[in-house]
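Okay, here's what each chain looks like letter by letter:
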Amino acid sequence: MGKFVNPFTDVGFKIIFGQEFSKPQLLDFLNTLLENERNITDLTFLDKEQMAIYDGDRSPIYDILCETDGGEKIIVEMQNREHPNFKERMLYYASEAITRQGEKGNLWTYDIKAVYMIAFTNFTLNGFEKRLRIDVGLTDLQQGKVFTDKMRMICLQMPCFTKEREECDNHFERWIYILKNMEILDRMPWAAQNAVFQRLADIAEVSKLNKEERLEYDHALKRYRDTLNAMNGAELKGIEKGRAEGRAEGRAEGMAQGMAQGKSEVARNLKTMGLSTDNIIKATGLTAQEIEAL
């Protein structure tokens, strides 16, 4: 058991970012993530499970849903299990948060506040395997200019971050380093120089959880490890299947090559014996061109 909670568990993620007492950490991280784009001075946590807006509504349940002092909606998710349509899922979540801003009546003028969908993933997306941060916005394809800033999606692919502590050059990289390595840290790095990381160390220490919180965290940690084992098991099965198919394909190719060589050798012997080309074709199945080339 590590000294600090594992951020990749739902309970650990909630402790670090998703409660009122963890607001300073969330504010600091978001402002670091959105540096030169947004400066958030306050946040309000909203109900993660939104009320249905029509019969049969499949409303998403977010890890964190909050609203900035400027009215922007921010969704923050931690996703461990690879999803075949994860990009579409991000789009759906962001679109839902936009749709729910609609108001009834003719007086509403589509005064939409920006929605930010931020996802930490414990896997990489196809085509983006080498990038830690994927930034998505709505732009004009011809000019490359922002069409509207009302929807932003940011995906942070944690497996792509490989820097060691001494290699972290800025506050954002320090955040990512801590989140990725938090469960195995003996002490919180940069805590002496940064009050946010010191506070993070104080609230995220496993030994400081009460009995109920510890029980909930232990269950969450087990679910997380079961998920990793299932993912690793599926990956190993896929690798073994590929190897088996490769071996089978190799055997079939070898047999085919052996049969072809055998036919050529028989044809060569028959040709030496003076047998006609037509008879050699009947005996071996080779073409006249193949026999002539021997």
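Read on for an overview of the structure. Owing to the predicted nature of the structure, the values given are computational and were not obtained by experimental measurement.

1. A look at the packing of aromatic side chains
In this description, a pair of aromatic rings is defined by centroid distance and the angle of the planes.
In step 1: Using the criterion set out here, one finds 14 aromatic pairs in the structure.
In step 2: Look at Phe86 and Phe123: their rings are 5.5 Å apart centre to centre, the planes differ by 85°, and that puts the pair in the edge-to-face class. One end of the pair, Phe86, is in helix α3 (residues 86–99); the other, Phe123, is in the loop between β4 (115–121) and β5 (133–139), with 37 residues separating them in the sequence. Here Phe86 and Phe123 have matching classes, each one buried.
In step 3: Put simply, the rings of Phe13, Phe17, Phe29, Phe120, Trp175, Tyr177, Trp190 and Phe197 pair up and form one aromatic cluster.
In step 4: In this arrangement the basic side chain of Arg133 is found over the ring face of Phe172, its NZ or CZ atom lying 5.8 Å from the centre.

2. So, the packing of helix α2 (residues 23–33) against helix α5 (residues 195–203)
In step 1: Axis separation between α2 and α5 bottoms out at 10 Å; the angle between their running directions is 140°. Considering their axes alone, α2 and α5 lie oblique with respect to each other. The two elements α2 and α5 cross, and the hand of that crossing is left-handed. Seen from α2, the contacting residues are Pro24, Gln25 and Asp28; seen from α5, they are Val196, Arg199, Leu200 and Ile203.
In step 2: A class-by-class count of the residues in the contact of α2 with α5 yields 4 nonpolar, 1 polar and 2 charged.

3. Remarks on the nonpolar core
In step 1: In this structure, Val5, Phe17, Phe29, Phe120, Met182, Met188 and Leu200 are the most contacted members of the largest nonpolar core, which totals 55 residues.
In step 2: Ranked by the residues each element gives to this core, the list is headed by helix α4 (residues 171–181), at 6 residues.
In step 3: Other than its neighbours up to four places away in sequence, Leu200 contacts Ile16, Gln25, Trp175, Ile178, Met182 and Met188.

4. Structural notes on the packing of α4 against α5
In step 1: Put simply, α4 and α5 touch, their axes get as near as 12 Å, and they point 10° apart. Classed by the angle they form, the pair α4 and α5 counts as roughly parallel. The hand of the α4/α5 crossing is right-handed. Note on element contacts: α5 touches α4 through Val196, Phe197 and Leu200, opposite His171, Arg174, Trp175 and Ile178.

5. So, unusual backbone geometry
In step 1: Non-glycine residue Asn36 carries a positive phi angle of around 70°.
In step 2: With respect to the element layout, Asn36 can be found in the loop between α2 and β1 (43–45).
In step 3: Given the relative accessible area of 82%, Asn36 is considered exposed.

Rules used in this analysis
Residues numbered from 1 in each chain as written. Predicted model: local features only at pLDDT ≥ 70, side-chain atom pairs only at ≥ 80, totals over all residues. Heavy atoms only, no water. Phe/Tyr/Trp six-rings, centres within 6.5 Å; stacked < 30°, edge-to-face > 60°. Helix = DSSP H or I, 4+ residues; strand = E, 2+ residues; numbered from the N terminus. Buried < 20%, exposed > 50% of the residue type's maximum accessible area, 1.4 Å probe, protein only. Lys NZ or Arg CZ within 6 Å of the ring centre and 35° of its normal. Axes fitted to C-alpha atoms, helices over the stretch in contact; angles between N-to-C directions. Parallel < 35°, antiparallel > 145°, perpendicular 65-115°, else oblique. Left-handed = near helix turned anticlockwise from the far one by under 90°. Contact = heavy atoms within 4.5 Å. Nonpolar A, V, L, I, M, F, W, Y, C, P; charged D, E, K, R; others polar. Core = buried A, V, L, I, M, F, W, Y, C linked by side-chain atoms within 4.5 Å.

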